[in-house]
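Letter by letter, the chains look like this.
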Amino acid sequence: MADIHRHDYADREKLAEALAAGVAAKLAGGLATRGHASLAVSGGSTPRRFFEVLSRADLDWASVMVLLVDERLVPPDHERANAGLVRRHLLQNRAAEARFVPYVVDAHTPAECARLSEEAFAQDGHRLDACVLGMGTDGHTASFFPGGDLLTDALDTGSHRKVLPIYAQGAGEPRLTLTLGPILDARFVALHIEGEEKRGVLETALAGADAAEMPVRAVLHQSVAPLHVFWAP
């Protein structure tokens, strides 16, 4: 079982403020010690408040690299592209100066998209300072979906791959995702969930161990990295 720190808040605004403060502190630490910092964030509707609060943090954003935990293989201007969500809600205010490195989604094959994306992310050459995950009601996190064709490979922390394509029936479009290794290697790993339904999913995931059934268990039941769970009703 991971070293889990649970942070419950009365409402989603307070959660967004607390999570943004925690992430900003980690980024500030990276900037102070190495002169640069990196952040991986997730898509969906849950992180919007968090993004907007974080975008106002007083940081040297020009020295911060922002990337996505995962992305759908859709055009960058597609309404379901996570990159669009980040541009609209995070890369504004002070954070407009951040260096956003999106996934490559226009190569000939998903495998080629994954390879080129991995090369783009590797330009920074350092471990992530912070990684903020989400969770679906099916127990997926990142693009680790139940039934995913490359799920076993994506969850293999011994793999040298940092980005993989993945397809699962429940995912809709084919996806690109960071693998579990670089996620757990981040200096700060957070799981951001909201609502009673997802709290119930979390409790179910904590009570079992089968990551094929609920892939978020690969994050919950590991001994590599402390995990901070942020929840509000």
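Residues numbered from 1 in each chain as written. Predicted model: local features only at pLDDT ≥ 70, side-chain atom pairs only at ≥ 80, totals over all residues. Heavy atoms only, no water.

The helix and strand inventory of the protein stands at 8 helices and 10 strands. The C-alpha radius of gyration of the protein comes to 16 Å, within 12% of the 17 Å expected for a compact globule of 233 residues. Taking the principal axes of the C-alpha coordinates as reference, the protein spans close to 45 × 40 × 35 Å. Looking at the 233 residues of the protein, the share that counts as buried comes to 54%. Total accessible area on the protein is roughly 10,000 Å²; 50% of this is exposed by carbon and sulfur atoms. Of the charged side chains in the protein, 23 are positive and 31 negative, and the gap between their average positions amounts to 3 Å. (Helix = DSSP H or I, 4+ residues; strand = E, 2+ residues; numbered from the N terminus. Rg over C-alpha atoms; globule rule 2.2 N^0.38 Å. Buried < 20%, exposed > 50% of the residue type's maximum accessible area, 1.4 Å probe, protein only. Areas by Shrake-Rupley, 256 points an atom, 1.4 Å probe, with all protein chains shown as cover. Lys, Arg positive; Asp, Glu negative; His and termini not counted. Charge placed at Lys NZ, Arg CZ, Asp CG, Glu CD.)

This part is about the packing of aromatic side chains. Describing an aromatic ring pair means giving the distance of the ring centres and the angle of the ring planes. Summed over all chains, the structure comprises 3 aromatic pairs. Centroid distance Tyr103 to Phe121: 4.9 Å. Interplanar angle 85°. Geometry classified as edge-to-face. Residue Tyr103 is found in the loop between β5 (99-100) and α4 (110-121), and its partner Phe121 is found in helix α4; the two are separated by 18 residues along the sequence. Stacked on the ring of Trp231, the Lys or Arg Arg199 has its end atom at 4.2 Å from the ring centre. (Phe/Tyr/Trp six-rings, centres within 6.5 Å; stacked < 30°, edge-to-face > 60°. Lys NZ or Arg CZ within 6 Å of the ring centre and 35° of its normal.)

Below, the discussion takes up helix α7 (residues 196-207). When the terminal C-alpha atoms of α7 are compared, their 17 Å separation across 12 residues agrees well with the 16 Å that a helix rising 1.5 Å per residue should span. Buried residues in α7 make contact with β1 (4-8), β9 (189-194), α8 (217-220) and β10 (227-232). (Expected span 1.5 Å × (residues − 1). Contact = heavy atoms within 4.5 Å.)

Looking now at unusual backbone geometry. The backbone of Asn93 sits at a positive phi, close to 50°, despite the residue not being glycine. One can find Asn93 in the loop between α3 (82-89) and β5. Accessibility expressed as a relative area gives 46% for Asn93, which makes it partly exposed. If you check the backbone angles, Ala142 has positive phi at about 50° while not being a glycine. Inspection of the secondary structure puts Ala142 in the loop between β6 (130-133) and α5 (151-154).

Keep in mind these numbers describe shape, not what the thing actually does.
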